[in-house]
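What follows is the residue order along each chain.
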Amino acid sequence: MTSRDTAEEHRASTPLELFFDLTFVVAVAQAGSRLVHSLAEGHPGHGLTGYLLVFFAIWWAWVNFTWFASAYDSDDPLYRVATLVQITGVLVLAAGVPRAFENNDYAVAIVGYLIMRLALTFQWLRAAHDETDAAARRTALRYAAGLVLVQLGWVLLLLLPDAAWTAGFLLLVVAELAVPAIAERDHPTTWHPRHIAERYGLFTIIMLGESVSAATIAIQTALDDEAALDELLPIAAGGLLIVFAAYWIYFAVPIHDYLASNRQAFLWGYGHYVVFGSAAAIGAGLEVAVEQAVGEAHISRTAASASVTIPAALFLLSTFALHSRHHKVGPAQKATLPTAGVLILLCTFLGAAAVPAAGAVAALTVAVGTVLSARQGEGDVRPGRRRATADG
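Presented here is an overview of the structure given in this document. (Residues numbered from 1 in each chain as written. Predicted model: local features only at pLDDT ≥ 70, side-chain atom pairs only at ≥ 80, totals over all residues. Heavy atoms only, no water.)

1. Observations concerning the overall build of the chain
Then, in step 1: Regarding its fold elements, the chain presents 12 helices and zero strands.
Then, in step 2: Listed N to C, the secondary structure of the chain is α-α-α-α-α-α-α-α-α-α-α-α in terms of helices and strands.
Then, in step 3: The C-alpha atoms of the chain give 23 Å as radius of gyration, which agrees with the globular expectation for 392 residues (21 Å, within 12%).
Then, in step 4: Considered along the principal axes of its C-alpha atoms, the chain spans approximately 75 × 65 × 35 Å.
Then, in step 5: Out of the 392 residues belonging to the chain, those deemed buried represent 50%.
Then, in step 6: Of the contacts formed within the chain by residues at least 6 apart in sequence, a portion of 80% connects residues at least 24 apart.
Then, in step 7: Summing over all exposed atoms, the chain offers an accessible surface of approximately 17,500 Å²; the carbon and sulfur share of this is 66%.
Then, in step 8: With 23 positive and 32 negative side-chain charges, the chain shows a separation of 12 Å between the mean positions of the two kinds. (Helix = DSSP H or I, 4+ residues; strand = E, 2+ residues; numbered from the N terminus. Rg over C-alpha atoms; globule rule 2.2 N^0.38 Å. Buried < 20%, exposed > 50% of the residue type's maximum accessible area, 1.4 Å probe, protein only. Contact = heavy atoms within 4.5 Å. Areas by Shrake-Rupley, 256 points an atom, 1.4 Å probe, with all protein chains shown as cover. Lys, Arg positive; Asp, Glu negative; His and termini not counted. Charge placed at Lys NZ, Arg CZ, Asp CG, Glu CD.)

Put into structure tokens, the structure is as follows:
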């Protein structure tokens, strides 16, 4: 297990990485379903807090595996077994999500998280053992040491009284996020920009898949409950437009050229906590809107609409801040996504038309962005054409 080439051609996701991603669907679905229940019952504070905490563990475990695999994926039997152990940890974490939400009992979830992290620690120790470059070996050992120290912190967290739990959790989150920065301060790992961009794109699709599932549930519920058909079909249509627009916007521009250093890549990678979390939360919000429409949710229509519009706006704004703005030229292009985010938030107060209106805004945003990009492209090409004609 030695570091891979950062300029390796045709560096693509492996079947094992895709299998690893698939298991996260279970954990995200568990977190999303519990968020739906809390929001529908009128307990947004409890639901959002639990969702953010659990989603951090899901997201951060995926991030660490992804960046390690980008630099050291040997795909030999030992590597595969260690990855399968990490997958087991994901499933244990998913099994602990209901207890975390309902009883504030994070013991099972933390055990699953520890299983994933211990397997990753083994991977870093193996990389340090096999690495021929002394600086790269030190980086690997720093990762392993940092992981061990932070995991000891998670074990101690289980022993703390409830009053100190939130502060302890936030402290450990900071420690987790600091490990890569400390480990790579002298010698960065050989992660591959195109591979990382592809991996993040694939995980974004998985998160949006949760919303596609929610829209499907809305359509199915509409067919089963003809009395609410007029309300549910617009929700399903608006939800699909939001999801389709989110996909279009995220993949409208390539990002790998921007990921030129650890400083840029780490900020981009860490910021995807908001991108991924909001993408998955759109689906939860659609389910809440459906439950409110059929009278099963104990919240107002405005609150149900907000459960869709807020994560949708967050997705647009975070995607712009991390991803799209690096390719925008001119005030019109730069203002398109932020303006759309604000308009989607305003749709919250449109009553039964809130979700379909938000979907219409999202679709219009794609249309405007496409036209502006086409005009910019024409502006870039035409001078060249004139020069070519003159030269000819």
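2. Regarding the environment of alanine 265
Then, in step 1: Of note, alanine 265 is situated in helix H9 (residues 262-293).
Then, in step 2: Sequence separation between alanine 265 and leucine 158 is 107 residues; the distance between their C-alpha atoms is 33 Å.
Then, in step 3: Once residues within four sequence positions are removed from consideration, alanine 265 is found in contact with Trp67, Trp191 and Leu259.

3. A few points about helix H8 (residues 229-250)
Each full turn of the α-helix corresponds to 3.6 residues, which orients residues three or four apart in the same direction.
Then, in step 1: Taking 1.5 Å as the rise per residue, H8 with 22 residues should run 32 Å; its terminal C-alpha atoms sit 32 Å apart, in good agreement.
Then, in step 2: If you check which residues of H8 are buried, you get Leu232, Ile235, Ala236, Gly238, Gly239, Ile242, Val243, Ala245, Ala246, Ile249 and Tyr250. (Expected span 1.5 Å × (residues − 1).)

4. Focus: the packing of aromatic side chains
Then, in step 1: Enumeration according to the criterion identifies 32 aromatic pairs in this entry.
Then, in step 2: The interplanar angle of 80 degrees and the centroid separation of 6.0 Å between the aromatic rings of phenylalanine 24 and phenylalanine 203 together place this pair among those described as edge-to-face. Residue phenylalanine 24 is located in helix H1 (residues 15-40), and its partner phenylalanine 203 is located in helix H7 (residues 193-224); the two are separated by 179 residues in the primary sequence.
Then, in step 3: A residue is classified by how much of its surface remains accessible, and phenylalanine 24, at 0% relative accessible area, is buried.
Then, in step 4: Note on phenylalanine 203: relative accessible area 0%, which makes it buried.
Then, in step 5: Between tryptophan 124 and tyrosine 143, the aromatic rings sit 4.1 Å apart at their centres with planes inclined by 5 degrees, giving stacked as the arrangement. (Phe/Tyr/Trp six-rings, centres within 6.5 Å; stacked < 30°, edge-to-face > 60°.)

5. Side note on empty space enclosed by the protein
Then, in step 1: Here the structure, examined in full by the defined rule, presents four cavities of 30 Å³ or more.
Then, in step 2: By volume, the largest cavity amounts to about 150 Å³.
Then, in step 3: What lines the largest cavity is a set of 15 residues, and nearest its centre among them are Val63, Trp67, Tyr143, Pro180 and Phe266.
Then, in step 4: Those elements that place two or more of their residues in the lining of the largest cavity are helix H2 (44-72) and H9.
Then, in step 5: Tallying contributions element by element places H2 first for the lining of the largest cavity, with five residues.
Then, in step 6: Counted by class, the lining of the largest cavity contains 11 nonpolar, three polar and one charged residues.
Then, in step 7: Taken as a whole, the second largest cavity spans an internal volume of roughly 120 Å³.
Then, in step 8: Taken together, the elements giving at least two residues each to the lining of the second largest cavity come down to H2, helix H4 (107-130) and helix H6 (165-183).
Then, in step 9: Among the elements that make up the lining of the second largest cavity, the one with the highest residue count is H2 (four residues). (1 Å grid on protein atoms, 1.4 Å probe; cavity = no way out; pocket = protein on both sides within 12 Å on 5 of 7 lines; lining within 4 Å. Points joined across faces, edges and corners; volume = space filled by probe spheres on them. Nonpolar A, V, L, I, M, F, W, Y, C, P; charged D, E, K, R; others polar.)

6. Side note on the packing of helix H3 (residues 77-103) against H4
Then, in step 1: Between H3 and H4, the shortest axis-to-axis distance is 6 Å and the interhelical angle comes to 165 degrees. Of the possible angle classes, the one that applies to H3 and H4 is roughly antiparallel. Along this stretch, H3 crosses H4, giving a crossing that reads as left-handed.
Then, in step 2: Broken down by class, the residue content of the contact of H3 with H4 amounts to 16 nonpolar, six polar and two charged. (Axes fitted to C-alpha atoms, helices over the stretch in contact; angles between N-to-C directions. Parallel < 35°, antiparallel > 145°, perpendicular 65-115°, else oblique. Left-handed = near helix turned anticlockwise from the far one by under 90°.)

7. Some points on the pattern of salt bridges
Then, in step 1: In this structure the tally under the stated criterion is eight salt bridges.
Then, in step 2: In this structure, aspartate 21 and arginine 199 form a salt bridge, with 2.6 Å as the shortest nitrogen-oxygen distance. With a gap of 178 residues between them, aspartate 21 in helix H1 and arginine 199 in helix H7 connect regions that are remote in the sequence. Of the two residues, aspartate 21 and arginine 199, neither departs from the other in class, the shared state being buried.
Then, in step 3: Of the charged contacts in the structure, one is a salt bridge between glutamate 176 and arginine 117, with a shortest N-O distance of 2.7 Å. Of this pair, glutamate 176 sits in helix H6 while arginine 117 is found in helix H4, placing the two residues 59 residues apart along the sequence.
Then, in step 4: Its relative accessible area of 2% is what places arginine 117 among the buried residues.
Then, in step 5: Through salt bridges with shared partners, a single ionic network connects Glu17, Asp21 and Arg199. (Salt bridge = Lys/Arg side-chain N within 4 Å of Asp/Glu carboxyl O.)

The quantities given are spatial measurements derived from coordinates; they are silent on function.
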